[in-house]
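The residues making up each chain are set out below.
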Amino acid sequence: MLGAYINRVLFRSRGFVAAALLLCVVFPAAAEGIDCPKMLAETAAKKFGKPVIAGAQRQLVGLGFNPGGVDGWLGSKTKASLRQFCLGAQFALNNDLLAMLRNHEAIYKAHPDWKKTLASKGFLKWAEKQPDAKEIAQARQSGDAAAVIDVLDRYGKRKDSVPRVRGDEDYLVSYMLTKDDFEQLKSREKVAVRIGKLLGKAYADKDDFEAEAATALKGVPDYEEYVRLAEKYGRMQASYRLTAEAFDELKVANVPGYVLQAVEGLKDMNYPAGELDAAVQAELAKLSERAMELKPELVKLAEITPSGASMTAGSLAKFAEARQGDPLAAAVLEKLMPLQDVKYQNDKALAWAMKKVLTEIGEEIDNSTPLIIDHAEEVLVYVIDNASAQEISQKIKESTVPEIFLELMGSLEGVDYPDGELFWLAAKAKVEIAGFNNPIRKAIVNAIGKLATGKVDDALLEELKAAKLPPSVLDRLGTLKGRQFANAKALEDEVDRSFRQLGEQYEQYRPSVVAQARKRHPFDKTRNIQWSGESCNCVHNNLAGEVYGIYPYWMAGEKQAIDFSVQTRIGYLGLGFDDKGNIANASRWTSLDAGFIREARTYGSRVDLVIFRDDWREWDQASSEEKTALFENLAANIAALIETPLTDTFSRMKPYLTLGRNPPPVMGDGVTLYFSGYPQDDEAVEAFNAFVRTLRDKLKSHGRQYSLNIMFRSADMGKGIYDYRRLLALADSIEGKNKELDSLFLVLLQEPTTRDKKQLRQNIENGLHGKERMKLLRNVAVVLTYDGHSENQLVDDVIYTKDNFGGIGFWPQPVVSGVAAAASIGEVLHDNYLNSVNGETVLKPAVCQIVCPNRWAFRIVWDLFLLVLLASIPLYLLACDWRNFFDKNFMYFIAGGIVPFLLLTFALLFCDPAWERISKGNGILIFVIAAILVYSIWNYRDKKRKADLP
């Protein structure tokens, strides 16, 4: 209570010193070293010229204050704004008020959120660890613009540098437009109305505004975008309000009750400087007018006779009854009581007396005004004024994406992209109808060719309408009506140019569309990966190259069918690492039910672990020793994750079932590094190369045929660690002379792929020559994102990849369950990504479809037959009884032992991937050996039969 009383006393004075004392309580940093009243007085005393004051006024406007105009005069509003600015200053303090203003404006232009940044716990924690912590603290407290901006720039490279995969609450991000997103992009005006209701109000601080905004904009994707837009106009300013305590004090000060009732509606409302005065005066002016309006009523109630006029007891009683419960009427009645029964010469004289009484009431009202205003409490509040609110709402409305763009992008609905740039390029390619296989472009070209026309007329538009082109596209083409082109090709070129122009216009909507598409993916421990091969065949051994699928963790959940016959490897994306090289959320991998891994291996596919990071802003601040330690620790942690043993019963028994031929199964078959945005300076390149070598050595030490792959965007090819010769050196380093490890460079293609894949090939050809070029091309697998609609383009991409690169990949992993796009990918790969195999029979795929997925059962049975056969040889040679037994049951032995063993051998030779090297190229030899064996058995049996004859 004492604190509240002191505050009221201080603010009641409304003096500069009192306000400064309050500031010491609210913002201790601001009070240290500056005296706002003194600085303002010194500024006024210097009598600066109009240009200087006008400059200060412009700076105040830029910072969100209202100096009353830019007129060069240091008037009351400009002084009030300077005062508010000074009282709100927490950092970069200066005893020269105008110099501090210039500094703050310059800092704000470079870093709009600079005050929030300098006040954050993250900044303070970072600053404490710096070797020049004292200098940073000095710059924060009283540095000029250059010093503060330099500190903020340094911190900006480090701030939020932790990868987004840290802690169970963290997430990865991808980019996809859902049906709801398209609706949101159409209805930005509704969002403008919702955020408009938040503006023009006072909040305790920015956090209070953000909290209310989060509630009001619930359900709006990336609502932070709108909050940040609004906060550009927000500011802390002095505000005044009449509290309940102030009303109690005004009663003690004998302010009439009817006056207090008139301003009751202003209680606890915040008003900027000057606006409370106006609000109080407006309410009391209404009260004064209402008081004067009582005069005719009073005169009418008076008793008027030829002898004079008077207010009798009856007159006053009637007035009291008519105005019962009205404090103003009660006050007027009290003033009239001394005039009861006083005789006036006529009604005019009585009216004059009434006016005098009511004038006294008006004087009471006027005298109350300064008392009320003086009892207002001054507080600092966060506001976004009404004028700014209208501007913000207008900006949001202007970001509404026109219908034509949304219709052209329609085929992207539900298509996931790994980063914002790839998504945006895909969206822009759709808008520009880029690529010969774009469905809309093909429909236009076909219609022009069918009519053999060089102009857009009604006939062509009808043909296009019949092709079911979107109405907005028809409207776009309609703008070309009336123009004659040389021929059909010239018209096609003009259509292409028109839509390229549309793509340029589309750039202005990029922030809105990308923000709408940005999807956060929290990790759900309850969602298991459930893959099923659906009894398909094992991986074809005649695939033209590797087929790699990226499986992000958020795809987990329901059972998913995968065509493993055209899927050599799958990379699980879900783990990142911190600045010490520790794997974040390692349990996302180690706690997984490994059934999906066993299912993939059943069909001959391999499962890799994808290690991801996209934030390297702290890299420059780390020393060489810290970077080395980071990567060494990371390599050890990755190798440990890959070597995590499978603990199910079959996996534990596998070494024994295979008589020690196979080591205990582990979770990973390799690792893929996806370091998006990795620095490209020489030190970073060498650090990465050393890391890859370390990781290679740790993987090789386990004696398994692992794969070490690197994924990056096509736009990065030829730069930094992705320089052509550096990639070749990495491949040689990983694989070694004896191919102990496999390597693959997964290159994310950007749209339009028809152009990007050719550009990628050309860049590699220009960067390398001869065998080097061939080797790198064979180590590259291009990664596509298929939209599920452009099958012709998919076929074109697959065929081109087959002829030019060493593999093809897909983001995300195609799963067949209810997804037509995945089925299309499987069919296209079967039809276009298999090499012809001489001697291939119709029978083999049918047999292998059974043998390969169940090869462990066939292997175990084969081992049992082999043991029986091997055991039968010494028994036959050394034991007469057994020899007689074999001789008597020789045909049964052949039928029950030799023949099944031979069939099992042939089945495994041609269907078991582990036996593939033995069978490859030796088919004829194997058949010859089998024929000789069969003949030997027959010959033996024939001689035995003849020997038994008499």
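In this text the structure is predicted, and so the values were computed from the model without any measurement.

**Digging into the overall build of the protein**
Stage number 1. Scanning the protein for helices and strands turns up 46 helices and 19 strands.
Stage number 2. Evaluated residue by residue, the protein yields a buried proportion of 49% over its 950 residues.
Stage number 3. Pairs at least 24 apart in sequence give 75% of the contacts found in the protein among residues at least 6 apart.
Stage number 4. Summed over all atoms, the accessible surface of the protein reaches about 45,800 Å², with 55% contributed by carbon and sulfur.

**Quick word on the state of the cysteines**
Stage number 1. As enumerated under the stated definition, the model contains one disulfide in all.
Stage number 2. Between cysteine 36 and cysteine 86 runs a disulfide, and the two sulfur atoms are separated by 2.0 Å. Given an S-S torsion of about -90°, the disulfide between cysteine 36 and cysteine 86 has left-handed geometry. Placement of the pair is cysteine 36 in helix α4 (residues 36-45) and cysteine 86 in helix α6 (residues 76-88), with a sequence separation of 50 residues.
Stage number 3. According to the relative accessible area criterion, cysteine 36 is buried, its value standing at 8%.
Stage number 4. For cysteine 86, a relative accessible area of 1% puts it in the buried group.

**Considerations on the packing of aromatic side chains**
Stage number 1. Summed over the entire model, instances satisfying the criterion amount to 33 aromatic pairs.
Stage number 2. For the ring pair tyrosine 678 and phenylalanine 688, a centre distance of 5.6 Å and an interplane angle of 55° mean the geometry is tilted. Of this pair, tyrosine 678 sits in the loop between β15 (670-675) and α35 (682-700) while phenylalanine 688 sits in helix α35, placing them 10 residues apart in sequence. When sorted by exposure, tyrosine 678 lands in the same class as phenylalanine 688, which is buried.
Stage number 3. Pairing phenylalanine 712 with tyrosine 722 gives two aromatic rings, centres 4.1 Å apart and planes at 20°, and the pair type is stacked. Note that phenylalanine 712 is positioned in strand β16 (residues 707-713) and tyrosine 722 in the loop between β16 and α36 (724-735), a separation of 10 residues in sequence. Just as phenylalanine 712 is buried, tyrosine 722 falls in that class too.
Stage number 4. In this structure an aromatic cluster arises from ring pairing among Phe577, Trp616, Trp619, Phe631, Phe675, Tyr678, Phe688 and Phe691.
Stage number 5. Positioned above the aromatic ring of tyrosine 553, the side-chain terminus of arginine 588 is 4.8 Å from the ring centre.

**Observations regarding empty space enclosed by the protein**
Stage number 1. The tally for this structure, following the rule as stated, stands at nine cavities of 30 Å³ or more.
Stage number 2. Computed from the structure, the largest cavity encloses a volume of approximately 240 Å³.
Stage number 3. Lining the largest cavity we find 19 residues, and of these Lys430, Glu751, Thr753, Ser790 and Gln793 sit closest to its centre.
Stage number 4. Counting only elements with at least two residues in the lining of the largest cavity, the list comes to α25 (420-431), α37 (753-767) and α39 (791-804).
Stage number 5. Sort the elements by how many residues they give to the lining of the largest cavity and α39 lands first, with three residues.

**What about the nonpolar core?**
Stage number 1. The biggest cluster of nonpolar side chains holds 148 residues, and the ones touching the most others in it are Leu673, Phe675 and Phe691.
Stage number 2. The residues contacting phenylalanine 675, other than those within four sequence positions of it, are Phe577, Ile611, Arg613, Trp616, Phe631, Leu634, Phe688, Phe691, Met711 and Tyr722.
Stage number 3. Among the nonpolar cores identified, the runner-up in size contains 44 residues, and Val259, Leu266, Tyr344 and Val357 belong to it.

**Examining the pattern of salt bridges**
Stage number 1. Considering all chains together, one arrives at 29 salt bridges under this definition.
Stage number 2. Among the ionic pairs, aspartate 669 bridges to arginine 601, the shortest N-O distance being 3.1 Å. Taken together, the residues aspartate 669 in the loop between α34 (649-657) and β15 and arginine 601 in helix α32 (residues 595-602) connect sequence positions 68 residues apart.
Stage number 3. Given the relative accessible area of 11%, aspartate 669 is considered buried.
Stage number 4. Arginine 601 sits in the buried class, given a relative accessible area of 16%.
Stage number 5. Across the pair lysine 757 and aspartate 797 runs a salt bridge whose closest N-O atoms are separated by 2.6 Å. Taken together, the positions of lysine 757 in helix α37 and aspartate 797 in helix α39 put the pair 40 residues apart, joining distant regions of the chain.
Stage number 6. Residue class for lysine 757 comes out buried when judged on its relative accessible area of 1%.

**Things to note about the pairing of strand β8 (residues 518-522)**
The side chains of a regular strand alternate, residue by residue, between the two faces of the sheet.
Stage number 1. Alternating residues of β8 divide into Lys519 and His521, all buried, and Arg518, Arg520 and Pro522, none buried.
Stage number 2. Here strand β1 (residues 171-175) runs beside β8; their pairing, made up of five bridges, is antiparallel. Looking across to β8, one finds that valine 173 is bridged to arginine 520.

**So, helix α9 (residues 121-129)**
Stage number 1. Of all the residues in α9, the buried ones are Phe123, Trp126 and Ala127. Seen along its axis, α9 keeps its buried residues to an arc of 100°; they face one direction. Those residues of α9 that are exposed and angled more than 90 degrees off the buried face are Lys121, Lys125, Glu128 and Lys129.
Stage number 2. Residues of α9 that are buried make contact with α8 (114-119), α10 (133-142) and α11 (145-156).
Stage number 3. Two to three positions downstream of the cap, the backbone nitrogen of phenylalanine 123 sits 3.2 Å from a side-chain oxygen, assigning the N-cap of α9 to serine 120.

Reading the values: rules and limits
Within any chain, residue numbers begin from 1 and follow the written order of that chain's sequence. At least 70 in pLDDT is required for a residue's local features to be given in this predicted model, at least 80 for side-chain atom pairs to be given and counted, and no such filter applies to totals for whole chains, interfaces and linings, which use all residues. No hydrogens and no water enter the side-chain calculation; it runs on all heavy atoms of the structure. To qualify as a helix, a DSSP run of H or I must reach at least 4 residues; to qualify as a strand, a run of E must reach at least 2; elements of each kind are numbered from the N terminus. Here's how the labels work: a residue is buried when its accessible area is under 20% of the maximum for its type, exposed when over 50%, partly exposed in between, all with a 1.4 Å probe on protein chains only. We call two residues in contact when some of their heavy atoms are within 4.5 Å. Note that accessible areas follow from Shrake-Rupley with a 1.4 Å probe, and for residues the cover is restricted to the protein chains shown. Any pair of cysteine sulfurs within 2.5 Å is marked as a disulfide. Put simply, two rings from Phe, Tyr or Trp (the six-membered ring, in Trp's case) pair if the centres are within 6.5 Å, and we call them stacked under 30 degrees between planes, edge-to-face over 60, tilted for the rest. By definition, being over a ring means that NZ of Lys or CZ of Arg is both within 6 Å of the ring centre and within 35 degrees of the ring normal. Any residue with an atom within 4 Å of a point lines the site, the site being either a cavity, points on a 1 Å grid over the protein atoms alone where a 1.4 Å probe fits but cannot get out, or a pocket, an open set with protein on both sides within 12 Å along at least 5 of 7 lines. Grid points are joined across faces, edges and corners, and a volume is the space filled by probe spheres set on the points. Each nonpolar core is a collection of buried residues, namely Ala, Val, Leu, Ile, Met, Phe, Trp, Tyr and Cys, held together in the definition by side-chain atoms within 4.5 Å. The salt bridge criterion pairs a side-chain nitrogen of Lys or Arg with a carboxyl oxygen of Asp or Glu, the two atoms within 4 Å. We treat two strands as partners when DSSP finds at least two bridges between them. In this description, the arc belongs to the directions extending from the helix axis to the C-beta atoms. For this analysis, a polar contact is any N or O atom pair within 3.5 Å, provided that within protein one partner can donate a hydrogen and the other can accept it, and provided that sequence-adjacent residues contribute only side-chain to side-chain pairs.

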